[in-house]
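Structure at a glance
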Amino acid sequence: MKIKLDEIPESGLSLDVVDEGRALNEIAGGNLDFSFLAPVKAHLEISRQGRSFFISGEIKASIRLNCSRCTREFDYPYDAPFSAYYERTGKNVERDSELKPADLEVNFIEGDELDTAELLLGQIALELPMQPLCTPECRGLCPKCGADLNLGECGCGGEAKPESKFAKLKDFKIK
Ligand SMILES: [Zn+2]
Ligand SMILES: [Zn+2]
């Protein structure tokens, strides 16, 4: 959904938006390593001061991820609050707007519209786990034969313990 920035009153705006997962995927250039199982819903509270916008709210989405250990697909219910700060680019950008919380980065909006699909995708990408796990106990794949160890021992005689990513980190030294 596109919101005309000029139509956001200084008194603020509260609204519910729904964006198709397809629209979010298109914004990402079709390169997402996860998929949306249903439209993404969000509640937004927008405060405005001139060309500055503070947006907070909550996003709900149903996402399909691939487990970083066993590569199986699993469904991940996403439900998280967020806040973001935007400034509209232009000549008279207000510096040090009272709306800007110290811990938030400034996002810039070119043009006169805010695309909520872009906003939602950015927030979701920030919050998704870097190494998603289908279950916290996932046993991963056998490093030798590639069998899914969640289904039982593979019996190939390879090491039963999944390869630990941290093992490599231990060898890493800062020069
Ligand atoms: Zn897994
Ligand atoms: Zn094996």
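Notes on the structure in this doc start here. Counting starts from 1 at the beginning of each chain's written sequence and moves along it residue by residue. Here the convention is simple: chains get letters from A, ligands get numbers from 1, in the order in which they are written. The predicted nature of this model means local features are confined to residues of pLDDT at least 70 and side-chain atom pairs, given and counted, to a pLDDT of 80 or more, with totals for whole chains, interfaces and linings taken over all residues.

Turning to the overall build of the protein chain, a few remarks are in order. Labels follow the DSSP assignment, with helices taken as runs of H or I lasting at least four residues and strands as runs of E lasting at least two, numbered in each case from the N terminus. Scanning the protein chain from terminus to terminus reveals 3 helices and 8 strands. Secondary structure elements of the protein chain, listed N to C terminal, follow the sequence β-β-α-β-β-β-β-β-β-α-α. Between the buried cut of 20 or more and the exposed cut of 12 or fewer other C-beta atoms within 10 Å of a residue's own C-beta lies the partly exposed class, and all C-beta atoms are placed from the backbone. Counting all 175 residues of the protein chain, 19% fall into the buried class. Looking at the protein chain alone, contacts between residues at least 24 apart form 55% of all its contacts between residues at least 6 apart. Whether two residues are in contact depends on their C-beta atoms, placed from the backbone: they are in contact if these lie within 7 Å.

Once that is clear, we can look at the nonpolar core. One broad trend across soluble globular proteins is that nonpolar side chains are buried collectively. Here, a nonpolar core means buried Ala, Val, Leu, Ile, Met, Phe, Trp, Tyr and Cys residues linked by C-beta atoms lying within 7 Å of one another. Counting residues in each nonpolar core, the largest one holds 20 residues, and the members touching the most others are Leu24, Val40, Ile55, Ile59, Ala61 and Leu120. Of all the secondary structure elements, the ones that give two or more residues to this core are β4 (40–49), β5 (52–66) and α2 (116–127). Ignoring anything within four residues of it in the chain, the contact list for Leu24 reads Asp19, Phe36, Val40, Ala117, Leu120 and Leu121.

With 12 residues, α2 should cover 16 Å at 1.5 Å per step; its first-to-last C-alpha distance of 17 Å lies within 8% of that length. For α2, the set of buried residues is Thr116, Ala117, Leu119, Leu120, Leu121, Gln123 and Ile124. Expected span of a helix, by definition, is 1.5 Å for each gap between consecutive residues, and there is one gap fewer than residues.

With that settled, the discussion passes to unusual backbone geometry. The phi angle at Thr71 is positive, at roughly 70°, despite the residue not being glycine. With respect to the helices and strands, Thr71 occurs in the loop between β5 and β6 (73–88).

What follows concerns the environment of Ala42. With respect to the helices and strands, Ala42 occurs in strand β4. Those residues in contact with Ala42 that lie beyond four places of it in its chain are Val17, Gly57, Glu58, Ile59 and Leu120.

This next bit is on the pairing of β6. Here β5 runs beside β6; their pairing, made up of 15 bridges, is antiparallel. Bridged to Glu58 within β6 is Pro81. DSSP bridges decide pairing: two strands pair if at least two such bridges lie between them. Taking the residues that link successive antiparallel strands as the turn, the β5-β6 hairpin has 6 residues, and the phi of Thr71 there is positive, at about 70°. Sheet topology note: the β6/strand β7 (residues 106–109) ladder contains 4 bridges and is parallel. Note that in β7 the partner of Tyr85 across the bridge is Val106.

A word on the environment of Tyr78. Examined against the element boundaries, Tyr78 turns out to sit in strand β6. As for Tyr78 and Arg64, which are separated by 14 residues in sequence, their C-alpha atoms are 10.0 Å apart. Excluding residues within four positions of it along the chain, Tyr78 makes contact with Ile59, Lys60, Ala61, Ile63 and Ile124.

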